[in-house]
Amino acid sequence: MIRAGIYARISSDREGDNLAIGRQLADCEELAGKRGWEVVERYVDSDLSAWSGKVRPEYRRLLEEIEARLIDAVVVYHADRLHRHPKELEEFIDLCQRTETKLATVSGDLDLSTHEGQLMARITGAVAKKSSDDMSRRIRRKHQDIALAGRPSGGGTRPFGYESDHRTARPAEAAVIRECAARALAGDSLRSICIDLNDREVGTVQGKRWSPQTLRRMLMSARISGQREHHGEIVAAGDWDAIITPVETHRLRAKLGDPDRRTNRSARRYLLARLLRCGHCEMKLLARPRDDGSRRYVCASGPSGGCGKTTIVADALELFIVDAVLHRLDSPELAAALNGRQDDPEGAGWQAEIEQAQEQLDELAAMWGSNEISRSEWLKARATIQQRQDTARKRLAALNRTSVLSEHLGNAVGLRERWAGLTLTRQQQIVAAVLDHVVVGPGRRGFNKFDPARLDPVWRA
Ligand SMILES: [Zn+2]
């Protein structure tokens, strides 16, 4: 049996770098489990920065126990949790080779016994080193050039929310941006926000009326959270005023860029579209009104591949499901499940991860640019970091679902009263946050009324 030690560290050296230690440990444990390794020891350094040069007692203990052959493998969240000084890394590589110690990282594997693995570790280490030498100054200038090139020449029109220096926030417009962002995140449609803005005669920079397209473009731009964007990708932090937070920008992008929003409008009159499955063939039921206009969900045979056997009337079904969802919102189990998630500074942790990965990508590109590494080394290293960043992006997007519910938790009575007044989008979000799907079983022959016994709900939480 391979005996593994887990190393975790929280550094307080910069804001946002606060992946909960519990989370690091849990992920490392899971990885060890996948490998079939037995976790025999945990080494945790907290609140000590690898940069401050202070001694990390648990890291030293880890090295001693590797040396003493008490453990055969090390599991760590990121390679950069282990060391940030090249000298430390070289020592570590040396030690691992001598003792044939394995290393696994949650963010992707590093095999220090191979040349490639060592190179990866050196690159990760090198980019973690916040150097202020000529090279990074050159890069900063280059990025500025890129950002400037992305702007209309000659300064161009100022962006909404900012003064003509493109940097200083204009308080009144910034307030409008914050309001729109909050409303969009809460599920208000862009169209309804625009109507409201136009009613209040809040014009665009050109003094025109807002359209959903203009509003979407503004809310999805990284600029308003003080971030630099290049070809639609967020490339770095900017040095101008942020009006909303980077987390909000990520949520807005996830939400407004969501292909679900572009489905045809008639389908959205159906609260449970996409949430119902056929009990015979497991295909999704589709919204299909009868010729007389009465609303139904059906398993459609034909190109979509359904069996065509299941049909259920929409009105009674929707009333019943809404009732069940509201009831569920008051259940202690759901409150516990969601609270657990909200206390965790997870969103900030994933955001920090995304930013850190971006920093590494930038620096990596610069290393290639200055011929410190070859193109293939660059591509290889980039793939690993991008993978980490993608994972973090996905986790962040998944958090949105939870936040939809936060204000309604344990307050189903209040929500019940307001339910009819909510937009369909908002209703769908609340239902989908609680309910994964409902399997609709066969109807009883000759039984024409709505029959709840046909329904088998699968809850999310
Ligand atoms: Zn079917």
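Cut-offs used in this document
- Throughout this document, residue positions are counted from 1 along each chain, in the order its sequence is written.
- Confidence filtering applies because this is a predicted model: local features only for residues at pLDDT of at least 70, side-chain atom pairs given and counted only at 80 or more, and all residues used for totals across whole chains, interfaces and linings.
- With hydrogens and water stripped out, all remaining heavy atoms of the structure feed into the side-chain values.
- Each helix is a run of DSSP H or I of at least 4 residues and each strand a run of E of at least 2, with the numbering of both proceeding from the N terminus.
- Only protein chains enter the area calculation, which uses a 1.4 Å probe; residues under 20% of their type maximum are buried, those over 50% are exposed, and those in between are partly exposed.
- Any two residues whose heavy atoms approach within 4.5 Å at even a single point are treated as in contact.
- Think of a nonpolar core as a cluster: buried Ala, Val, Leu, Ile, Met, Phe, Trp, Tyr and Cys residues, connected wherever their side-chain atoms sit within 4.5 Å.
- Whenever a carboxyl oxygen of Asp or Glu lies within 4 Å of a side-chain nitrogen of Lys or Arg, that contact is scored as a salt bridge.

- The name given to the protein in an unreviewed UniProt entry is Resolvase, with the source organism recorded as Gaiella occulta.

### Some details on the environment of Leu285
In step 1: Along the chain, the position of Leu285 falls in the loop between strand 7 (276-278) and strand 8 (286-287).
In step 2: Exposure remark for Leu285: the relative accessible area of 2% places this residue in the buried category.
In step 3: Along the chain, Leu285 and Tyr297 lie 12 residues apart, while their C-alpha atoms are 5.8 Å from each other.
In step 4: With sequence-adjacent residues up to four places away left out, Leu285 is seen in contact with Leu276, Arg277, Cys278, Tyr297, Val298, Cys299, Thr310, Ile312 and Val440.

### A closer look at the nonpolar core
In step 1: By size, the foremost hydrophobic cluster in this structure holds 28 residues, and its most contacted members are Leu272, Tyr297, Ile321 and Val431.
In step 2: Every element with two or more residues in this core is listed here: strand 7, helix 11 (314-329), helix 16 (424-434) and strand 11 (435-440).
In step 3: It is helix 11 that contributes the most residues to this core, 7 residues altogether.
In step 4: The contacts of Leu272, once residues within four sequence positions are left out, are Tyr297, Leu317, Glu318, Ile321 and Val431.
In step 5: Among the nonpolar cores identified, the runner-up in size contains 23 residues, and Tyr162, Leu197, Trp210 and Leu252 belong to it.

### Details of the pattern of salt bridges
Once the charged atoms of two side chains with opposite charge are near each other, the side chains can pair.
In step 1: All chains considered together, the criterion is met by 17 salt bridges.
In step 2: One salt bridge in this structure joins Arg3 and Asp72, with 2.9 Å as the shortest N-O distance. With Arg3 in strand 1 (residues 3-10) and Asp72 in the loop between helix 2 (57-67) and strand 3 (73-76), this pair connects stretches of sequence that are 69 residues apart.
In step 3: Given the relative accessible area of 29%, Arg3 is considered partly exposed.
In step 4: According to the relative accessible area criterion, Asp72 is partly exposed, its value standing at 24%.
In step 5: Glu67 is the salt-bridge partner of Arg98, the closest N and O atoms lying 3.0 Å from each other. One end of the pair, Arg98, is in helix 4 (residues 86-99); the other, Glu67, is in helix 2, and 31 residues separate them in sequence.
In step 6: What makes Arg98 partly exposed here is its relative accessible area of 47%.
In step 7: Each of Glu179, Arg183, Asp188, Asp196 and Arg200 takes part in a single network of salt bridges with overlapping partners.

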